[in-house]
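One-letter residues, chain by chain:
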Amino acid sequence: MTRIVLLFVLFSLNYHSHADLIADTCKKSEYPDLCNSTLRSDPRSAKADATGLARIMLEAALIKASTTFDQVKKLLSKTTEPVLKQCLIDCTELYGLIVKEIPKAIQNVGSDNNEAIHQGDSAITNADTCEGIFSDEPNKRKSPITANNIAVQHLVAIAEHILASLG
Ligand SMILES: *[C@@H]1O[C@H](CO)[C@@H](O)[C@H](O)[C@H]1NC(C)=O
């Protein structure tokens, strides 16, 4: 009887500490809502440790980056206006880099977290550069991909923050 109670207590503690890992991780994040919704939408998060959560976050960032890459290529194929066209050509090149950098970051999670952070930083810089191109004077344009550009940066930043906390 005592043993069963003890097992139950241990199970509850374990279950509880796990539920808290996502909450605790996201509470400390710069983007708590995006962190929470991204992790909770992946069933693997429930059993993941912090390293696993960082990996899941980077995989979500890669999916978002790939979607954005496709979006940019599609827009480019439909654009004839020269200034906008050049912006999209530049972003195509930048997203070509980003979809290679994020997988490199994923590969390094758990074995070389600093290198993962370094690759993540490159991806963030490239997404930020893509967004900035549209605001270049004298031919300022409204970026058609702002939401995705920002989402990519925030997802990678959340992952980096988790990785940094692991040391
Ligand atoms: C996290 O997301 C879940 C499900 O999407 C939601 O039920 C919960 O309220 C969220 N928690 C916080 C702290 O935002």
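Going by the structure above, here's the rest.
What counts and what doesn't
Residues numbered from 1 in each chain as written. Predicted model: local features only at pLDDT ≥ 70, side-chain atom pairs only at ≥ 80, totals over all residues. Helix = DSSP H or I, 4+ residues; strand = E, 2+ residues; numbered from the N terminus. Buried ≥ 20, exposed ≤ 12 C-beta atoms within 10 Å, placed from the backbone. Contact = placed C-beta atoms within 7 Å. Near = placed C-beta within 6 Å. Nonpolar A, V, L, I, M, F, W, Y, C, P; charged D, E, K, R; others polar. Expected span 1.5 Å × (residues − 1).

Participant: What's the story with the overall build of the protein chain in this structure? I'm lost.
Facilitator: Secondary structure assignment for the protein chain yields six helices and zero strands. Listing the helices and strands of the protein chain from first to last along the sequence gives α-α-α-α-α-α. Looking at the 167 residues of the protein chain, the share that counts as buried comes to 35%. Of all intrachain contacts in the protein chain linking residues separated by at least 6 positions in sequence, the fraction that spans at least 24 positions is 67%.

Participant: Even after reading the chapter, I still don't get the environment of Ile63, so can you show me in this structure?
Facilitator: Position of Ile63 relative to the elements: it lies in helix α3 (residues 50-78). Sequence separation between Ile63 and Val99 is 36 residues; the distance between their C-alpha atoms is 9.0 Å.

Participant: Any chance you could explain the site of the ligand here in plain terms?
Facilitator: Taken together, Asp33, Asn36, Ser37 and Arg40 are the residues near the ligand. Considered class by class, the residues forming the shell around the ligand number no nonpolar, two polar and two charged.

Participant: So what exactly am I meant to see when it comes to the environment of Tyr31 here?
Facilitator: Within the fold, Tyr31 resides in the loop between α1 (2-27) and α2 (32-40). With 18 C-beta atoms packed within 10 Å, Tyr31 lands in the partly exposed category. Filtering out sequence-adjacent residues up to four positions away, Tyr31 remains in contact with His154 and Ile158.

Participant: Can you help me understand helix α4 (residues 82-108) in this one?
Facilitator: Residues separated by three or four positions in an α-helix point in the same direction, a consequence of the helix having 3.6 residues per turn. Its 27 residues place the ends of α4 40 Å apart at the C-alpha level, agreeing with the 39 Å of an ideal helix rising 1.5 Å per residue. All of the buried residues along α4 are Cys87, Leu88, Cys91, Leu94, Tyr95, Ile98, Glu101, Ile102, Ala105 and Ile106. The elements touched by buried residues of α4 are α3, α5 (113-133) and α6 (146-166). Where α4 terminates, the next one or two residues include Gly110, which has phi positive at roughly 95 degrees.

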